[in-house]
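Structural overview for review
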Amino acid sequence: MFARLSETQSVSLPPALWWTAVALALAAGLAIPSFTGLDVHLDLSIIFIFGILALSMGFMWGQVGMLSFGQTAFFGLGGYTYAVCSLNFGETTSAMLLAILLPAIFATVLGYFMIYGRISNIYFTVITMVVTIVLEKAIRATSDESFVIGDVWLRGQNGIAGLPDLQVPWDPATTLFVTEVYYLAFVLMMAVYVGYRMLLRHRFGRVLLGIRENERRINLLGYDTRRYKLAIFAISGAVAGLAGGLYAVWGNFVAPEMMNLNSAASVVINVIVGGKATLLGPLIGTGVVQWLTAWLGTAGVGQVNLVLGLVLIGFVMLFPQGILPMAAGLGREALEAARQLFRRRDLAAAALRKETNS
Amino acid sequence: MHEIVIHLYQVMFAIGIFVLISLGLAVIFGMMRVINLAQGEFIMLGAYFCLFATQLGLDFWLAVLCAGLGVGLFGILVERLLIRFLYGRIMDTLLATWGLSLFMVGLVTSVFGPQEAGVDAKLGKVTFGAYSIAEYNLVLIAVAGALLALTFAIWRYTRFGLVARSVMQNPTMAAALGVNPRKYYMLTFGFGSALTGVAGAMLAPLVGNQPTMGSFYVAKAFVTVISGGPAPLTGTLYASTLFGATDGLISYRTTQVLGEIGVLLIAIVLLRMLPLGITGHSARRA
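Calculation notes
Residues numbered from 1 in each chain as written. Chains lettered and ligands numbered in written order. Predicted model: local features only at pLDDT ≥ 70, side-chain atom pairs only at ≥ 80, totals over all residues. Heavy atoms only, no water. Helix = DSSP H or I, 4+ residues; strand = E, 2+ residues; numbered from the N terminus. Buried < 20%, exposed > 50% of the residue type's maximum accessible area, 1.4 Å probe, protein only. Contact = heavy atoms within 4.5 Å. Areas by Shrake-Rupley, 256 points an atom, 1.4 Å probe, with all protein chains shown as cover. Lys, Arg positive; Asp, Glu negative; His and termini not counted. Charge placed at Lys NZ, Arg CZ, Asp CG, Glu CD. 1 Å grid on protein atoms, 1.4 Å probe; cavity = no way out; pocket = protein on both sides within 12 Å on 5 of 7 lines; lining within 4 Å. Points joined across faces, edges and corners; volume = space filled by probe spheres on them. Nonpolar A, V, L, I, M, F, W, Y, C, P; charged D, E, K, R; others polar. Pairing = 2+ DSSP bridges. UniProt positions renumbered as here; feature names shortened; annotations may be inferred. Buried area = accessible area lost by both parts, 1.4 Å probe. Salt bridge = Lys/Arg side-chain N within 4 Å of Asp/Glu carboxyl O. Polar contact = N/O pair within 3.5 Å; in protein donor to acceptor, adjacent residues only side chain to side chain. pLDDT = per-residue confidence, 0-100. Core = buried A, V, L, I, M, F, W, Y, C linked by side-chain atoms within 4.5 Å. Domains from an automatic or database assignment.

1. Points about the overall build of chain A
The secondary structure content of chain A amounts to 13 helices and six strands. Taken along its principal axes, the extent of the C-alpha atoms in chain A is 100 × 55 × 45 Å. In chain A, which comprises 358 residues, the proportion classed as buried is 48%. Pairs at least 24 apart in sequence give 77% of the contacts found in chain A among residues at least 6 apart. Accessible surface computed for chain A: about 16,600 Å², of which carbon and sulfur atoms make up 66%. One way to put it: in chain A the 23 positive side-chain charges average out to a point 19 Å from where the 19 negative ones average out.

2. With respect to the layout of surface pockets
Taken as a whole, the largest pocket holds about 1,200 Å³ of empty space. Forming the walls of the largest pocket are 43 residues, and the residues nearest its centre are Lys137 of chain A together with Met213, Phe216, Tyr217 and Glu260 of chain B. Of all the secondary-structure elements, those providing two or more residues to the lining of the largest pocket are helix H6 (121-140) and helix H10 (261-274) of chain A together with helix H1 (2-31), helix H4 (90-112), helix H9 (215-228), helix H10 (232-253) and helix H11 (256-273) of chain B. Looking at the lining of the largest pocket, its residues break down into 19 nonpolar, 15 polar and nine charged.

3. Digging into the pairing of strand S5 (residues 171-175) of chain A
In the case of a regular strand, side chains alternate between the two sheet surfaces. Of the strand pairs in this sheet, strand S4 (residues 167-168) of chain A and S5 of chain A are connected by two bridges, and their pairing is antiparallel. Paired with Val168 of chain A across the bridge in S5 of chain A is Asp171 of chain A.

4. As for the UniProt feature "transmembrane region" (unreviewed entry) in chain B
Residues and elements named next belong to chain B. In the numbering used here, UniProt assigns the feature "transmembrane region" (unreviewed entry) to residues 6-27, 34-54, 60-82, 94-113, 133-155, 184-207 and 257-278. Helix makes up 76% of residues 34-54 and strand makes up 0%, while its end C-alpha atoms are separated by 32 Å. End-to-end, the C-alpha atoms of residues 133-155 are 34 Å apart, and along that stretch the chain is 91% helix and 9% strand.

5. Focus on the interface of chain A and chain B
Much of the literature gives interface size as the accessible area that the parts lose upon coming together. Opposite the 40 residues of chain A that make contact, chain B presents 41 residues. The contact between chain A and chain B buries some 3,600 Å² in all, and 83% of this surface belongs to carbon and sulfur atoms. Put simply, chain A and chain B have one salt bridge between them. Close ionic contact of Lys137 of chain A with Glu260 of chain B constitutes a salt bridge, the shortest N to O distance being 2.5 Å. The tally of links from chain A across to chain B stands at four residue pairs in polar contact (both at pLDDT 80 or more). Breaking the side of chain A that touches chain B down by element, the ones donating at least two residues are helix H5 (93-116), H6, H10 and helix H12 (304-318) of chain A.

6. A short note on the confidence of the model for chain A
All names here are of chain A. In the predicted model, chain A carries a mean pLDDT of 86, and 95% of its residues have values of at least 70. Mean pLDDT values over the elements of chain A span from 44, in helix H1 (residues 2-9), up to 95, in helix H9 (residues 225-251). With pLDDT under 50 throughout, residues 1-10 is counted as low confidence; its partners more than four residues away or in other chains account for eight contacts.

7. Topic: the nonpolar core
By size, the foremost hydrophobic cluster in this structure holds 199 residues, and its most contacted members are Phe69 and Ile232 of chain A together with Trp98 of chain B. The dominant element in this core, judged by the number of residues it contributes, is H1 of chain B, at 17 residues. Each residue touching Phe69 of chain A, except ones within four places of it in the same chain, is listed here: Met57, Thr125, Thr128, Met129, Thr132, Ala264 and Val268 of chain A together with Leu37, Leu94, Leu95 and Trp98 of chain B.

8. Section: the domain arrangement of chain A
Residues and elements named next belong to chain A. If you check the domain split of chain A, you get domain 1 (2-318) and domain 2 (322-358). For domain 1 and domain 2, the distance between their C-alpha centroids amounts to 43 Å. A combined buried area of about 530 Å² lies between domain 1 and domain 2, and 78% of that area is made up of carbon and sulfur atoms. Between the two partners, domain 1 and domain 2, sit zero salt bridges. Applying the counting criterion to the domain 1 and domain 2 interface returns one residue pair in polar contact (both at pLDDT 80 or more). Looking at the side of domain 1 that touches domain 2 residue by residue, the class counts come to six nonpolar, four polar and no charged.

So, in structure tokens, the structure goes:
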């Protein structure tokens, strides 16, 4: 158990170096808009938003061992909450807060039944998937004009368009435009990343890691693991809801596609491609896959599903660790090879010296 | 009086549908513990087999057989190429079959296009008081019952069933006794796939067949088999009865979506009370 724990830690940097890296990334991210166009801001914002979603999923999967397909359900719920509330209230700050709160509550209720029923991890996965499917169907079935919340008609599979831009909380007259949304999405993604990382360092996070390694042992040590699992499920539900709210702000639009099986699949693919062992993996994976999907779209490959399916199968069968640990492994090997080479050269030089001396 | 019979028929029909779509999964997941998320797409494939066989001029019932055979062979292919590398890695199986499901949807869409197509089973209607019932729906109920009985009989009373059960229980021990476990895994997976194919073919005349139709069934199938618990066949029957009755009554009174939500809510509450499923505490397992 300890061996495996230290193994995962070896991937991460020492704190001082890590904070420097975060500061550098933050500076780079904040600098990008000043020398790129609006289209790049728009493309990068959506990657950051999906990155937040992937983090909420990857943390639970990689660090706690709970594979939740329900993150897209919370994502969609967050988006629809923002849509309905912002249109009803004519004010967006509380709508955004509710887009975080409501999915968290939903996750708590759903999680209570699953986690306190002590169903196994695999059933947890399947039930979260089923909930996602049913929620999407329920939203799709609201195309009749009688499905109204407040003044907002849910419009079924057409989705709700024309959502208001996000207002600055202390100055509702000012709204965020493309570049401001970029900054917001980027800063929030970094905040979520740092937050999860801090959580992992905290006692609470250590218990979560312990649950992943051996839940029964943690139980026997006197921890009520169900409470910890429910807490992290609710937290990740809130994070996914935040991503959903941001998505609604980004496109001024929500639709049932936000929570269909393909979106759920793309989140899983983002995480598995990047690698679930680290927190950086889901972010890298999201970037790579989003870029790949966009490229496939422009390259005229008709069926993105076909390619995504093959990517998923390929990674599960061949690179279950994802590209980040694979790259780290390759880097370590290269380093080792270089060291060997130098040692051999030193040995040769020593032998040569010895020969000339004698 | 007529009202009651019609309700009874609605419930029986809903149960029949649940049995049909869950039976293949009861074999593949319930018995083999292989999570096959492409189950919905196997159903879709069965429907397409049926569609093309009838378009080629085959009789509907022959087309159903073709679908069973075709999807069964396809299942064996999938087992050889994909599943057999993943036995014991249940999460990886789940992800790989999900990839398979996306792949199949993509492939069928790019070959046949996304539009719907219907199949005609060429059966009439029975009038009953003020109501009329499609004959086909009655036949479907009978077929569902017959398939369940057949699977149960094969599993319980034939040599194949006995050996397959022993392999699922303890492959190493079975291998020590001279059985080739790989062969039985392959055949059982093929058998489950064939059942799924027949289910797809039977559903083909009832729904618009399109490449994404699988997602309509995969959730119901998993909910049924999971709630059924460790005795897959009897569990599936009990769970289908419970969910079919719920779904049938709610859908008949309100809408299909509400029926499905009702089923899901009951399943979640059920799992809180009986985490091992309906048959979790009974000793006899089949």
